[in-house]
Amino acid sequence: MSNLFKEMNLSPYIETVKNLDKDLYSQIGKFSNLAKQLEETNKIFQKQEKKRKPYYDQIFLEYKKTGWVMGSAFDYEIIINKKLDIDSLNEQLVGYYSNNHFQETFSELKEISDFLKINKSKGFQTQLDMITKVLSSDIELFPVIMPTLMAILSYIFDLSQGQINSNEHINYAQINKLLKNNENKRDDYTYMFHLNKIAVLTCLLKLFSGNDFDAGPDKSSYTRHSVQHGRYNPDRFTKEDLIKLIVLISGICLHSEN
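Below is a short write-up of the structure. (Residues numbered from 1 in each chain as written. Predicted model: local features only at pLDDT ≥ 70, side-chain atom pairs only at ≥ 80, totals over all residues. Heavy atoms only, no water.)

Remarks on the overall build of the protein chain
As a reminder, the rule being used: Secondary structure follows DSSP: runs of H or I at least 4 residues long count as helices, runs of E at least 2 residues long count as strands, and numbering of each begins at the N terminus. We call two residues contacting when some pair of their heavy atoms lies within 4.5 Å. Every accessible area reported is derived by Shrake-Rupley at a probe size of 1.4 Å, with residue values counting cover from the shown protein chains alone.
Helix and strand counts for the protein chain come out as 10 helices and zero strands. For the protein chain, the α and β elements follow one another from N to C terminus as α-α-α-α-α-α-α-α-α-α. The long-range share in the protein chain, meaning contacts at least 24 apart out of those at least 6 apart in sequence, stands at 62%. For the protein chain, the exposed surface amounts to about 15500 Å²; the carbon and sulfur share of it is 52%.

Now the structure itself:
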């Protein structure tokens, strides 16, 4: 080995290694500065988030009262930049999802379809894409697809809870337990997304609440049970019901991994 090293000129390799070391230390220095910048940016962001908290609390309280959540396709900057008026929130969101031939509603449907595709739920994805085609051809046909959307909601919720291949299924008691477990839990969410998750669970709790079938189809409450069991007159469905249901399903997709 000693003869071999004597015969080889190692100086080019040594210089290359030295240069690599210099480059490496230089890059580490850059990363170090970048890390400091990111840390400072995060501090500024958290400070701004803290200032926004009272507004978030007010907005999401109204969200829960009016049955809204943030869907996966929603432009979160609208809330961050305080562009929603609490006193007319319901009207604003109905307008947001109805404008331009329900463009934003179809954006939420696309998000749900993508979620089903990622989770290899081909049959349910095909069914949802058919719903999109029906609504695209004539939005007035929406009462026909409301029960099917309820079934897709149940499937996606059970999928998100890892119980799709078991006898467990979405029900009032399970949602209530999840709501209590998450009310004071922050995880890695920003405060806004924490509040949205609570809004999603609150809306689900109401949707899966008890029955008042004895009131008859013309007066029964709007719940998953009254719709699925034929105890809710389809003439009572509104486009607002349609939009809120689609956005709620999209909201479940948004929080599915948490």
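Things to note about helix α5 (residues 122–137)
Here is the rule: Here the expected length of a helix is defined as 1.5 Å per residue gap, with one fewer gap than residues. Relative accessible area decides the class of each residue, using a 1.4 Å probe on protein chains only: under 20% of the type maximum gives buried, over 50% gives exposed, and in between gives partly exposed. Our arc is simply the arc of the directions from the helix axis toward the C-beta atoms.
The end-to-end C-alpha separation of α5 is 22 Å, in line with the 22 Å expected for 16 residues at 1.5 Å each. Residues Q125, L128, I131 and L135 constitute the buried set of α5. For α5, the arc enclosing every buried residue in end-on projection is 115°, short of the 170-degree limit, so these residues lie on one face. Facing away from the buried side of α5 by more than 90 degrees, the exposed set consists of K122, G123, M130, K133 and S137. In this fold, the buried residues of α5 make contact with α4 (89–118), α6 (142–160) and α10 (239–254).

Observations concerning unusual backbone geometry
For H101, which is not glycine, the phi torsion reads 60° and is therefore positive. Along the chain, the position of H101 falls in helix α4. Residue H101 is classed as exposed on the basis of its relative accessible area of 73%. One non-glycine residue with positive phi stands out, namely F102, at about 65°. As for its position among the elements, F102 is in helix α4. Residue classification places F102 among the buried positions, given a relative accessible area of 12%.

Comments concerning the nonpolar core
Which entries qualify depends on this criterion: Among buried residues, the Ala, Val, Leu, Ile, Met, Phe, Trp, Tyr and Cys ones that are joined through side-chain atoms within 4.5 Å form a nonpolar core.
Counting residues in each nonpolar core, the largest one holds 66 residues, and the members touching the most others are Y63, I79, L153, I156 and L204. Every element with two or more residues in this core is listed here: α2 (11–66), α3 (77–80), α4, α5, α6, α7 (172–182), α8 (191–207) and α10. Broken down by element, the residue count for this core peaks at 12 residues, all from α8. Leave out the neighbours within four places in its chain, and L153 touches I170, L204, L207, F208, L245, L248, I249 and I252.

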